[in-house]
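Here is what each chain is made of, one letter per residue.
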Amino acid sequence: MPRPRRSGSGLPVGESPAAARRQEWERLHGMRAPAALSPDFLQRDIAYRLQADQHGALSADARRRLVALANGGPARAREPLISTLRIKPGSTLLREWHGRTYTVLALEEGFEMAGQRFASLSEIARHITGAHWSGPRFFGLRRGGGTTGSAPARQQIEGTRDA
């Protein structure tokens, strides 16, 4: 079957750019494009869809954040969904791993374990296990952490008392 003749713009002869965008949008989405969608929106959505197909779409967290922003208005846009982990300097973290207990001291900048300084809890977790771990998860400060290969973890945070 012969291919349709194309103009210099790449569109079939006699087809308007708006009609071509609508046709491409319908091909990508598998449904008719609503009449209310402007040609500009169609073009932007087509570009996003092609990029997402090529490089991957938004993460589930990003999609949830966008939905929350859309439902909560601009006032909620400034609120972080995940609280930032704050450990007071002087706090002690305990973690049991393969029968050995590790004690970590929180410093003003970084952490100390067995006389050695580390920039992050993740660096300590990697030092202990030899594998990449989320440090806060490894020390039981975030949900979802496992204790694969060890007895149930014993975590404790001892904060300094304000006098």
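Here the structure is shown first, and the text comes after it.
Rules behind the numbers
- Residues numbered from 1 in each chain as written.
- Predicted model: local features only at pLDDT ≥ 70, side-chain atom pairs only at ≥ 80, totals over all residues.
- Heavy atoms only, no water.
- Pairing = 2+ DSSP bridges.
- Helix = DSSP H or I, 4+ residues; strand = E, 2+ residues; numbered from the N terminus.
- Axes fitted to C-alpha atoms, helices over the stretch in contact; angles between N-to-C directions.
- Parallel < 35°, antiparallel > 145°, perpendicular 65-115°, else oblique.
- Left-handed = near helix turned anticlockwise from the far one by under 90°.
- Contact = heavy atoms within 4.5 Å.
- Core = buried A, V, L, I, M, F, W, Y, C linked by side-chain atoms within 4.5 Å.
- Buried < 20%, exposed > 50% of the residue type's maximum accessible area, 1.4 Å probe, protein only.
- Expected span 1.5 Å × (residues − 1).
- Arc of directions from axis to C-beta.

Draft legend 1. Representation of the pairing of strand β2 (residues 100-106) within the structure. When strand β1 (residues 92-97) meets β2, the two strands line up antiparallel, connected through 6 bridges. Looking at the pairing, E96 lines up with T101 of β2. Turn length for the β1-β2 hairpin, with the two strands adjacent in sequence and antiparallel, is 2 residues, and the turn residue H98 shows positive phi of about 50 degrees. Sheet topology places β2 next to strand β3 (residues 111-113); 3 bridges connect them, and they run antiparallel. Bridge pairing in β3 places V104 opposite M113. In sequence, β2 turns back onto β3 through a hairpin of 4 residues, with G110 there showing a positive phi of about 100 degrees.

Draft legend 2. Spotlight on the packing of helix α1 (residues 17-29) against helix α2 (residues 39-55). It is the contact of α1 with α2, at a shortest axis distance of 9 Å, that shows an interaxial angle of 40 degrees. In terms of axis orientation, α1 runs oblique to α2. For the element pair α1 and α2, the recorded crossing hand is left-handed. Counting all contacts with α1, which are made through A18, R21, R22, E24, W25, L28 and H29, the residues of α2 involved are P39, L42, Q43, D45, I46, R49, L50 and D53.

Draft legend 3. Quick peek at the nonpolar core. Counting 16 residues, the largest nonpolar core has V104, F111, L121, I124, I128 and F139 as the members making the most contacts within it. Residue assignment for this core shows that the elements contributing at least two residues are β1, β2, β3 and α4 (121-129). Tallying contributions element by element places α4 first for this core, with 4 residues. Discounting chain neighbours no more than four positions away, the residues touching I128 are W97, Y102, M113, F138 and F139. Core analysis: the second largest hydrophobic core is formed by 6 residues, W25, L28, A33 and L42 among them.

Draft legend 4. Representation of α1. In this model, α1 (13 residues) spans 18 Å end to end at C-alpha, consistent with the 18 Å of a helix rising 1.5 Å per residue. Taken together, the buried positions of α1 are occupied by A20, W25 and L28. The arc enclosing the buried residues of α1, seen along the axis, measures out at 135 degrees, which places them on a common side. Elements in contact with the buried residues of α1: α2.

Draft legend 5. Layout of α2. Between its terminal C-alpha atoms α2 stretches 24 Å, which fits the 24 Å expected from 17 residues at 1.5 Å a residue. The complete set of buried residues in α2 reads L42, D45, I46 and A52. For α2, the angular spread of the buried residues around the axis is 135 degrees, confining them to a single face. Turned more than 90 degrees off the buried face of α2, the exposed positions are R44, Q51, Q54 and H55. Along its buried surface, α2 packs onto α1.

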